[in-house]
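Analysis of the macromolecular model
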Amino acid sequence: MSMSATLATPLPFPVPARQSDCTNKLVIVGPANSGKSTLFNAIAQTYAMVANYPQTTVTLNHKRIVLHGHPVECVDTPGISSLSAMSRDEEATIALLLEERPCRILFCGDALRLKQSLILLAQIQELGIPTVFCLNKADEAARRGIVIDCVTLSRELGLPVVESDASHGIGLKKVLSLLQSPSVPVEAVCYPEDVEQNLTRLANLFDSGKRPSKGHLLRTLLDPSLSSRFPETHFGPEMAPKVREILREAHWKHSPGSLQMRVFQSREEWAEKLTRQVTRKASVALHTVSQRLAEASRHPLLGWPIFLAILWLTFHGVVVISGEMAAALDGWIFKPLAETIGGWVENPFLNAFLVGNFGLLTMGLFNAMVTVVPILLVFFLIMNLLEDSGYLPNLSVLANRSLGPFGLSGKAVLPLVLGTGCNTMATLTSRILETRKERLMAVFLIALGMPCAVQLGIMMAILATVPFSALLIVLSAVAGTQILCGVILNRLIGTRQGKGAEFILELPPFRLPDPVNVVKKTYYRVKWFLLEATPMFMAAAVMMFVFDNSGILQGLKTFFHPMVTGFLSLPDKVTEVFILVLSRREVGAVYFKDMVDAGELSFEQIVVGLVVMTLFIPCASNTLMMIKEVGARWAISMNVVIIVLAVLVGGLVNFLLQLA
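Only a predicted model underlies this, so the values are computations on that prediction, with no experimental measurement involved. (Residues numbered from 1 in each chain as written. Predicted model: local features only at pLDDT ≥ 70, side-chain atom pairs only at ≥ 80, totals over all residues. Heavy atoms only, no water.)

Nonpolar side chains collect at one region of the surface, where F567, I636, V640, V644 and L648 lie side by side and expose about 450 Å² of accessible area between them. Ranked by the residues each element gives to the nonpolar patch, the list is headed by helix α29 (residues 632-659), at four residues. With respect to the element layout, V644 can be found in helix α29. (Patch = residues over 30% accessible without salt bridge, like charges linked within 9 Å, V, L, I, M, F, W, Y side chains within 5 Å. Areas by Shrake-Rupley, 256 points an atom, 1.4 Å probe, with all protein chains shown as cover. Salt bridge = Lys/Arg side-chain N within 4 Å of Asp/Glu carboxyl O. Helix = DSSP H or I, 4+ residues; strand = E, 2+ residues; numbered from the N terminus.)

Okay, here's the thing in structure tokens:
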């Protein structure tokens, strides 16, 4: 754990005066990538996304369950490293613990990072909430020759400790049994004498039944911002002067920063001592194949060829396999079905509405099922294999040096890579970045040039039908724009929105992917896409049908004719693609692919169209997420800049292609 993580300014949460008030919640808490979501899925009998890298969960997941005959709200939380939030995703977890007072906590520790887990557990214990300690990844620790004496660990902590392998359900039965009556934790760490004396003085101000927990009092003592405004609001006007006087005396002898440092050292020394006491490690460490692969994937020389090889395999898989699947679906099911429906419906208007060029079924439902689903299946399968293997965090390490000139840490690779799954989710994931500057830059770069999974898959399918030079031109144009914008943004934003954070990332074990988890995750991702995007496909078809029949579409084509045909040298029909991209990028991409398949575009027009479409404005859902994450002013400004950039870069590519 980094020192900065512990010494960060705590959030201004209220200190509850009563410890007996609690909500009927079971909260799963722990470090990032310790297996909390896997436990949540097993306990709640549901599915929340899991992956073999940190910050997979960035918001709270709730599910009502019945635990030992009683209704309980089970909550999965983003990982934290301490009770001081470093990023926005951590704020939700800490607010839940401090403000809502859950009745029980399931602490999910990591057997591979026992010391870090214990440092966090010590802070959780000080909140005085009944807790069960689940020591996850015990199987992986055993494979690495790490043996943890859980009997001694349990005795020293005063808590039941259960070794588990959550992904295979090992230890789950015992965890559920202990959750029926979890133990009230004892305080594990002894702080310097003056700190303990001040905590005692603060505690003695309250009656025993209304006394705040040691964790809350410690936060009040360590944070100067709380000491200046908390007493009246949360301790009452009579108690406030007494609290403030104790804080004034404590801070006169030792500054809050010094107190934080000493408290951190006490926790670290305690965790280090206990870890040494309960851990044994094999004297001969085997250098496994997985470790060698992990090292190669982040090596400065070997890492990039590996990355390009994975990219090529993904490209090949999406193009070949999904193409075969799409052809089979279209030929066997949807084309005959469209012809049958067209034969049944004799009314010309209704026929055109259902199975015409902008038909509800042909352009809406069937396009989503035939063109998109096969691409998604293959693409998500490959992405999930990479996620489950632990490759993505190693890619972050590899990219860390490359992202430096842009002011981004390697941690920013995770939301950028997730952008190839769903831009909206990637924008949400940007909250794991610790500074506003990094978040602004990541959100902009995701919106500018990161095609979502479906769009990327469709682009691959299009590029497979034209000479290889098209791929190089599109990649160069998009990547060059991203790099140039990153450098400019790094200088423009400067340090006013915060400096780039230090790059600290816990690397998960590199392992063989779990086929069950990969298949399950692929299923849920495709299912979520269909539930969310199919109505959008159909709504876009209806919109285009109305535009076409009302004359609006022709008016828009006329208005944009100078730009589309004059500046970009594209046919007027591509205006329809750009309109569809506004609703969802993949809808426009599918329509563009139909134009390519119909032979309506030349080589140059395909290249220019793909460049503009990739850089073009984010879809509606991502725009809404951008407003939520960075504010309306930034989101609108970004979208305006992105539209201008997309057209300018497309025009430049068109100009160069005409010269060639």
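Judged by how many residues are buried, helix α21 (residues 453-463) sits mostly within the fold: eleven of eleven residues are covered. Along α21, the residues that are buried comprise A453, V454, Q455, L456, G457, I458, M459, M460, A461, I462 and L463. (Buried < 20%, exposed > 50% of the residue type's maximum accessible area, 1.4 Å probe, protein only.)

Now for the packing of α21 against helix α27 (residues 603-615). Viewed as axis vectors pointing N to C, α21 and α27 meet at an angle of 170°, and their least axial separation amounts to 12 Å. Here α21 is positioned roughly antiparallel relative to α27, judged by the angle of their axes. In contact with Q455, M459, I462 and L463 of α21, α27 contributes I606, L610, M613 and T614. For the contact of α21 with α27, the class distribution of residues is six nonpolar, two polar and no charged. (Axes fitted to C-alpha atoms, helices over the stretch in contact; angles between N-to-C directions. Parallel < 35°, antiparallel > 145°, perpendicular 65-115°, else oblique. Contact = heavy atoms within 4.5 Å. Nonpolar A, V, L, I, M, F, W, Y, C, P; charged D, E, K, R; others polar.)

Our focus in this paragraph is the pairing of strand β2 (residues 61-67). Alignment of β2 against strand β3 (residues 70-76), held across seven bridges, turns out to be antiparallel. Counted as the bridge partner of V66 is P71 from β3. Counting the residues in the hairpin turn of β2 and β3 gives two residues, including H68, whose phi is positive at 55°. (Pairing = 2+ DSSP bridges.)

If you look at the biggest cluster of nonpolar residues, it comprises 82 residues, and the most contacted ones within it are F444 and L610. If near-sequence neighbours (up to four positions away) are discounted, F444 is found in contact with C485, L489, M638, V641, I642 and L645. With 54 residues, the next largest nonpolar core counts V75, L121, L199 and V243 among its residues. (Core = buried A, V, L, I, M, F, W, Y, C linked by side-chain atoms within 4.5 Å.)

The subject of this paragraph is the packing of aromatic side chains. Per the stated rule, a full pass over the model turns up ten aromatic pairs. Between W304 and F307 the ring centres are 5.8 Å apart and the planes differ by 90°, which places this aromatic pair in the edge-to-face class. In this pair, W304 and F307 are both assigned in helix α14 (residues 303-344), three residues apart and thus about one turn of the helix distant. We classify W304 as partly exposed; its relative accessible area is 32%. Consider the rings of F334 and F366, whose centres lie 5.1 Å apart with planes at 50°: the pair is tilted. In this pair, F334 is assigned in helix α14 and F366 in helix α16 (residues 360-389), connecting sequence segments 32 residues apart. (Phe/Tyr/Trp six-rings, centres within 6.5 Å; stacked < 30°, edge-to-face > 60°.)

Let us now look at the environment of D594. Its location among the elements puts D594 in helix α26 (residues 585-597). Using a relative accessible area of 32% as the deciding quantity, one classes D594 as partly exposed. Linking D594 and T371, residues 223 residues apart in sequence, is a C-alpha distance of 9.7 Å.

Moving on, we get to unusual backbone geometry. Here H68, not a glycine, exhibits a phi torsion of approximately 55°, which is positive. Relative to the elements of secondary structure, H68 occurs in the loop between β2 and β3. For S569, which is not a glycine, the phi torsion comes out positive at approximately 60°. Note that S569 resides in the loop between α24 (552-567) and α25 (574-583).

All told, the structure shown has 17 salt bridges when counted by the stated rule. Of the charged contacts in the structure, one is a salt bridge between K25 and E100, with a shortest N-O distance of 2.2 Å. Of the two residues, K25 is situated in strand β1 (residues 23-29) and E100 in helix α3 (residues 88-100); the sequence distance between them amounts to 75 residues. Taking relative accessible area as the criterion, K25 reaches 9% and is therefore assigned buried. Here E272 and K115 are joined by a salt bridge, their closest N and O atoms 3.1 Å apart. Of the two residues, E272 is situated in helix α12 (residues 256-278) and K115 in helix α4 (residues 114-125); the sequence distance between them amounts to 157 residues. Accessibility expressed as a relative area gives 24% for K115, which makes it partly exposed. One network of salt bridges, with partners in common, ties together K115, E268, E272 and R276.

Put simply, the protein chain has an average pLDDT of 81, and 86% of its residues get 70 or more. Looking over the protein chain, one finds the lowest element-wise mean pLDDT in helix α1 (residues 3-7), namely 39, and the highest in α4, namely 93. When the criterion is pLDDT under 50, residues 1-20 qualifies, and its contacts beyond four places in sequence or with other chains add up to 68 contacts. (pLDDT = per-residue confidence, 0-100.)

Take helix α28 (residues 620-630) next. For α28, the full list of buried residues reads N622, T623, M625, M626, E629 and V630. End-on view of α28: buried residues confined to an arc of 160°, all on one side of the axis. For α28, the exposed residues lying more than 90 degrees away from the buried face are L624 and K628. Looking at the buried residues of α28, the elements they touch are α3, α19 (423-429), α20 (436-449) and α29. Once α28 finishes, G631 follows within two positions and takes phi at roughly 95°, a positive value. (Arc of directions from axis to C-beta.)

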